[in-house]
Amino acid sequence: MTTRVRPSNKRCAVIGGSGFLGKHLVEKLLDRGYSVSVFDIRQSYELPGVAFHLGDLCDKRALLPAMKDVSLVFHCASPAPASDDRGLFERVNIQGTRIVIQACIEAGVQKLVLTSSASVVFEGTDIKNGREDLPYAKKPIDYYTETKIEQEKLVLEACDKEKGLLTVAIRPHGIFGPRDPQLVPILVDAARRGKMKFIIGDGTNLVDFTFVENVVHGHILAAEHLRPDSPICGKPYHITNDEPVKFWDFMSDVLVGLGYAAPRYHLPYALVYGLALLLWLLALILRPLVSFKPTFTPMRVALAGTHHYYNCERAKQDLGYKPVVSLKDGIARTVQSYPHLRQGA
Ligand SMILES: NC(=O)C1=CN([C@@H]2O[C@H](COP(=O)(O)OP(=O)(O)OC[C@H]3O[C@@H](n4cnc5c(N)ncnc54)[C@H](O)[C@@H]3O)[C@@H](O)[C@H]2O)C=CC1
Ligand SMILES: CC(C)=CCC[C@@H](C)[C@H]1CC[C@H]2C3=C(CC[C@]12C)[C@@]1(C)CCC(=O)C[C@@H]1CC3
């Protein structure tokens, strides 16, 4: 017997719905019969069944109309990690998330699903098969991570059955797939500038990369399992491909798939990390005079040279999660979707 969902439960809002993950989420929600309001500072597409509301999530008056008659809100907006702008991260990820929560309560929203990040526990040292009970990073490597931690705490603490708002946080790791503006474009840009010849460290470090459709699947499962009697209320969930891979094998598969050479020469991790730290400091000191963005940031070097993969048993148990697209198929579909980034294109 199939359970019928009341129509009101099928109205949802996606904050950050113009972004990479947001648009994939919107497309799947439409497929599943939801009607969707998107709230974002920009409109990146048009789709039947989607109502766009443009505005900054720090502005409650702009947010409220997007939440009218909506029972479920997905919050997947954030400034890009590469922006390295402390004030912006604090304003959007912390103050803005407080406003999102207030708006949900005022609008009578029943469920809030946050896109957090597995990096909230990452401090630049190895994490092998990390579970959700690892402590938050005490010394987060960058402002993005620092504010994602505060954001997740705010959303999970807001879970209040009496007030009628239930919350849950999804912690994806290394999202990739068609239309990703970060991973593949950054990689190809580095390859075109001759910077992808080197492997940082010994090249054996295992990492999670998660195909975007698996991340979407985890979000929708979480939303549909979020009920007052459910064990998932107020908890974080790792969502990964459940196939940790050598970081440099993944990079090589993407690069070779697009016609570029795989990195070959090894550089010592400590040396590259030290250099990245120096460059970051230099960029900070010189910021009033010149603006430059180093390709090697301490966070990127740490991500490229350490183990960081996570256990998603909790999501399997509580949400019935299982990846829907394998890593191999995910890489093939991603490579195929970037014909304009191929070598020689
Ligand atoms: N891409 C990845 O590998 C990972 C991403 N995440 C999280 O997933 C979420 C989505 O990330 P992506 O889709 O990759 O990023 P994205 O940059 O493609 O999408 C973010 C969206 O948020 C919107 N936005 C930013 N500031 C806003 C504001 N003040 N008001 C309204 N909208 C605003 C942007 O316009 C954009 O459309 C983020 O919360 C990110 O922290 C977590 C783990 C890994
Ligand atoms: C697993 C995970 C969290 C991946 C998502 C982040 C990626 C967008 C970056 C993480 C490490 C980055 C990195 C590079 C590109 C972007 C990342 C994959 C380089 C390969 C860019 C060129 C270099 O000079 C080396 C960088 C190493 C780290």
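Please read all numbers here as calculations on a predicted model, not as lab measurements. (Residues numbered from 1 in each chain as written. Chains lettered and ligands numbered in written order. Predicted model: local features only at pLDDT ≥ 70, side-chain atom pairs only at ≥ 80, totals over all residues. Heavy atoms only, no water.)

1. Quick word on the site of ligand 2
1) Next: Around ligand 2 sit 20 residues in total, of which A190, M196, V207, F296 and R300 are the nearest.
2) Next: Calculation on ligand 2 without its partners gives an accessible area of 600 Å², and the protein chains cover 93% of this total.
3) Next: Among the secondary structure elements, those contributing two or more residues to the shell around ligand 2 are α5 (183-192), α7 (247-257) and α9 (298-305).
4) Next: For the shell around ligand 2, the element with the most residues is α5, which contributes four residues.
5) Next: Among the residues making up the shell around ligand 2, the classes are represented as 12 nonpolar, five polar and three charged. (Near = heavy atom within 4 Å. Areas by Shrake-Rupley, 256 points an atom, 1.4 Å probe, with all protein chains shown as cover. Helix = DSSP H or I, 4+ residues; strand = E, 2+ residues; numbered from the N terminus. Nonpolar A, V, L, I, M, F, W, Y, C, P; charged D, E, K, R; others polar.)

2. Section: the UniProt feature "transmembrane region" (unreviewed entry) in the protein
1) Next: UniProt's entry tags residues 270-290 with the feature "transmembrane region" (unreviewed entry), counted in the numbering of this structure.
2) Next: Overall, residues 270-290 shows 81% helix and 0% strand. The separation of its end C-alpha atoms is 27 Å. (UniProt positions renumbered as here; feature names shortened; annotations may be inferred.)

3. Looking at the sheet that holds strand β4 (residues 72-75)
1) Next: Taken together, seven strands build an open sheet; the order of strands is β3-β2-β1-β4-β5-β7-β12 and the sheet is parallel. At either end of the open sheet lies a strand with only one pairing partner, and these are β3 (50-54) and β12 (236-239). Neighbouring strand axes in the sheet, compared pairwise and without regard to direction, differ in orientation by 20° on average.
2) Next: Both strand β5 (residues 111-115) and strand β7 (residues 166-172) contribute to a ladder of five bridges, which runs parallel. In the sheet register, L112 faces β7, and the bridge partner there is T167.
3) Next: Against the sheet, helix α4 (residues 143-157) touches β4, β5, β7 and β12, its axis set at about 150° to β7. (Pairing = 2+ DSSP bridges. Axes fitted to C-alpha atoms, helices over the stretch in contact; angles between N-to-C directions. Contact = heavy atoms within 4.5 Å.)

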